[in-house]
Amino acid sequence: MERVRTALVGCGKVGRIHAQALASLAESDFVAVCDVELERASALATQYDVAAFDDVGLMLALSNVEALCVATPHPLHAGPALLAAEAGAHVLIEKPLAASLPDCDAMLQAARQHQIKLGVISQRRWYEPVRRMKAAIDAGKIGRPVLGAFTMYSWREPSYYQSDPWRGRWDTEGGGVLVNQSPHMLDLLEWLMDDEVAQVSGYWANLNHPSVEVEDSAVAILRFRNGGLGSIVSSLAQKPGIYTKVHIHGSNGASVGVETDRGATFIAGMSSISEPPLNDLWTIPGEEGCLTRFQAEDRARFAGVDAVNYYHALQIQDFLRAILEDRPPLVTGDDGRRVVALFQAIYQSNREGRSIKLLEE
Ligand SMILES: NC(=O)c1ccc[n+]([C@@H]2O[C@H](COP(=O)([O-])OP(=O)(O)OC[C@H]3O[C@@H](n4cnc5c(N)ncnc54)[C@H](O)[C@@H]3O)[C@@H](O)[C@H]2O)c1
């Protein structure tokens, strides 16, 4: 089988999940890892018998890398991505695509210029209940998606913010719950609504984490390009965490929904996923009785997989196959930019006390 020469930059918590996938996927010829802290790179390099670097430019030049996974802190995604694009390597970036829109635009421009594929991680798109919702929506079973709600009541201990020096600060993290935990569900909301957000009003606050400067909670109301409406409640201020859900309601009155996370959302490298993602709402005419069966199937499947690694591996595999088949990956750089535009619009709306237009109508 044809394989892609792969490498990783950022050998921290989520980097280890990428390394495991790159070492095990049949589409990957895993060749090198890089971290500014060389001992982190060396530890992973020893584990997987690949080369270790503390300079991404050098790694790209010496290891003939064809695809690079980027798992550095958010404001440091663009630097390695631009170097990779210039070297002709495809780039798969951890969420969010970047902390700022100028970083997103620089990466998208470089991807076009150097004709490389740019993807962004959103592994919850591979959750079976999410895929089931998408299939039902694409089949027209709820009519047109017209109302979407993303609700997260989660929790982070103060020790979480202390675990790495870049966390909890505007300059080194780029924001709080909107930038770090929400991108997964902002992506799901736009993907499942099958539409782009046109206008946003939002607020954010730090409700329950006085030791950090960024927001731990945000709310927003949305209008989509095709006239649909949406709402966001995203918070890390509930102890214990309660749930994370995305619900989509259709023009024929039917609704589908998923609880992506029970309790607090998991922390890569620090906690596991202990409860399965499940559909929690399904009122499609003729399928009202299916919810119990869907939940039983998904509980059974969940028991057989290591969920923290499994869904990342599925997305990384899709990205490598996109390279080999010369097609777009399921989650593109443009999808990643839409998420960054949305959370930046919520910040701007709060700052300027007005609603923000994302699209000219
Ligand atoms: N998809 C998910 O579920 C998920 C989960 C956790 C984290 N993430 C994302 O992954 C990224 C990293 O998060 P983390 O929790 O692994 O952080 P981390 O701090 O554990 O790891 C980041 C690593 O990057 C290294 N690094 C920093 N700057 C670098 C540079 N310029 N060149 C090379 N290496 C550099 C650091 O030394 C560190 O080892 C973030 O974007 C985060 O949002 C995604």
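Up top is the structure.
Here is what the cut-offs are and how they apply
Residues numbered from 1 in each chain as written. Predicted model: local features only at pLDDT ≥ 70, side-chain atom pairs only at ≥ 80, totals over all residues. Heavy atoms only, no water. Near = heavy atom within 4 Å. Polar contact = N/O pair within 3.5 Å; in protein donor to acceptor, adjacent residues only side chain to side chain. Areas by Shrake-Rupley, 256 points an atom, 1.4 Å probe, with all protein chains shown as cover. 1 Å grid on protein atoms, 1.4 Å probe; cavity = no way out; pocket = protein on both sides within 12 Å on 5 of 7 lines; lining within 4 Å. Sits in = over half its atoms within 2 Å of the grid points. Nonpolar A, V, L, I, M, F, W, Y, C, P; charged D, E, K, R; others polar. Points joined across faces, edges and corners; volume = space filled by probe spheres on them. Helix = DSSP H or I, 4+ residues; strand = E, 2+ residues; numbered from the N terminus. Buried < 20%, exposed > 50% of the residue type's maximum accessible area, 1.4 Å probe, protein only. Salt bridge = Lys/Arg side-chain N within 4 Å of Asp/Glu carboxyl O. Phe/Tyr/Trp six-rings, centres within 6.5 Å; stacked < 30°, edge-to-face > 60°. Core = buried A, V, L, I, M, F, W, Y, C linked by side-chain atoms within 4.5 Å. Pairing = 2+ DSSP bridges. Right-handed = clockwise from strand over helix to strand, strands pointing away. Contact = heavy atoms within 4.5 Å. Axes fitted to C-alpha atoms, helices over the stretch in contact; angles between N-to-C directions.

(A) The site of the ligand, seen in detail. Taken together, 27 residues surround the ligand, and among them Asp35, Arg40, His74, Trp166 and Arg167 come closest. Lys13 is positioned such that a nitrogen or oxygen atom in its backbone is 2.9 Å from an oxygen atom of the ligand. Contact between the ligand and Arg40: an oxygen atom at 2.6 Å from a side-chain N or O atom of the residue. Bound to the protein, the ligand loses 89% of the 850 Å² it would expose on its own. If you map the ligand onto the pockets, it falls in the largest pocket. Partitioned by chemical class, the residues of the shell around the ligand number 11 nonpolar, 8 polar and 8 charged.

(B) Summary view of the layout of surface pockets. The computed volume of the largest pocket comes to approximately 920 Å³. Along its surface, the largest pocket is lined by 41 residues, and Ala71, Thr72, Pro73, Trp166 and Arg167 are the ones closest to its centre. The element that contributes the greatest number of residues to the lining of the largest pocket is helix α1 (residues 13–24), accounting for 3 residues. Of the residues belonging to the lining of the largest pocket, the class tally is 17 nonpolar, 12 polar and 12 charged.

(C) Region of the structure containing helix α9 (residues 183–193). The buried count for α9 comes to 11 of 11 residues, which makes it a mostly enclosed element. Along α9, the positions that sit buried rather than exposed are Pro183, His184, Met185, Leu186, Asp187, Leu188, Leu189, Glu190, Trp191, Leu192 and Met193. In the segment just after α9, Asp194 is the residue with positive phi, at about 55 degrees.

(D) Representation of the pattern of salt bridges within the structure. Counted according to the given criterion, the structure contains 29 salt bridges. The shortest N-O distance in the salt bridge between Lys134 and Asp138 comes to 3.5 Å. Residue Lys134 and its partner Asp138 are located together in helix α6 (residues 128–138), separated by 4 residues, close to a single helical turn. A residue is classified by how much of its surface remains accessible, and Lys134, at 10% relative accessible area, is buried. With its nearest N and O atoms 3.8 Å apart, the salt bridge here joins Lys239 to Glu157. Residue Lys239 is found in the loop between β10 (229–235) and β11 (243–250), and its partner Glu157 is found in the loop between β7 (145–153) and α7 (158–162); the two are separated by 82 residues along the sequence. For Lys239, a relative accessible area of 58% gives the class exposed. Each of the salt bridges in this network shares a partner with another, and the network as a whole consists of Arg125, Asp187, Asp195, Glu196, Arg225, Asp335 and Arg338.

(E) Representation of the packing of aromatic side chains within the structure. Under the defined criterion, the tally for this structure stands at 10 aromatic pairs. Both rings, one in Tyr160 and one in Tyr161, keep their centres 5.0 Å apart while their planes meet at 80 degrees; by these two values the pair is edge-to-face. Per residue, the accessibility class of Tyr160 equals that of Tyr161, and both read buried. Between Tyr310 and Tyr311 the ring centres are 4.9 Å apart and the planes differ by 80 degrees, which places this aromatic pair in the edge-to-face class.

(F) Here's a closer look at the nonpolar core. Ranked by internal contacts, the top residues of the largest apolar core, which has 112 residues, are Leu8 and Ile248. In terms of residues, this core owes the most to one element, helix α11 (residues 307–325), which gives 8 residues.

(G) Inspection of empty space enclosed by the protein at higher detail. Throughout the structure, instances matching the rule amount to 3 cavities of 30 Å³ or more. In this structure, the largest cavity encloses a volume near 60 Å³. Elements represented by at least two residues in the lining of the largest cavity include exactly α9 and α12 (333–352). The biggest single contributor to the lining of the largest cavity is α9, with 3 residues.

(H) How the structure looks around the pairing of strand β2 (residues 28–34). Counting buried residues in β2 gives 6 out of 7 residues, a clear majority hidden from the surface. Pairing analysis gives 6 bridges linking strand β1 (residues 4–9) to β2, with the strands arranged parallel. In the strand pairing of β2, Ala7 is matched with Ala32. Handedness of the β1-α1-β2 crossover: right-handed. Pairing of β2 with strand β3 (residues 51–53) involves 3 bridges; the strand directions are parallel. In the sheet register, Ala32 faces β3, and the bridge partner there is Ala51. In terms of handedness, the path from β2 via helix α2 (residues 38–48) over to β3 forms a crossover that is right-handed.

(I) Just the sheet that holds strand β12 (residues 255–262), in detail. Across the sheet, 8 strands lie side by side as β13-β12-β11-β7-β10-β9-β8-β14; this open sheet has mixed pairing. Single-partner strands in this sheet number two, and they are β13 (278–282) and β14 (356–357). Here β7 pairs with β10 via 7 bridges, running parallel. Residue pairing for β10: Ala149 is matched across the bridge by Ser231. Against the sheet, α9 contacts β7, β8 (197–205), β9 (217–224), β10, β11 and β12, and its axis sits at roughly 165 degrees relative to β7.

(J) The arrangement of the sheet that holds β2 in detail. Pairing is parallel in the open sheet, where 6 strands are placed in the order β3-β2-β1-β4-β5-β6. Looking at the sheet topology across the chains shown, the edges are occupied by β3 and β6 (118–120). Neighbour-to-neighbour, the strand axes of the sheet open up by a mean angle of 25 degrees, direction not taken into account. Where strand β4 (residues 67–70) meets strand β5 (residues 90–93), 4 bridges bridge the pair, whose relative direction is parallel. In the sheet register, Ala67 faces β5, and the bridge partner there is His90. Packing against the sheet, helix α4 (residues 78–86) makes contact with β1, β4 and β5, and its axis sits at approximately 160 degrees to β5. Most of the contacts of α11 go to β5, to which it runs at about 160 degrees, and overall it touches β1, β2, β4, β5 and β6.

By themselves, these figures tell us nothing about what the structure is for.
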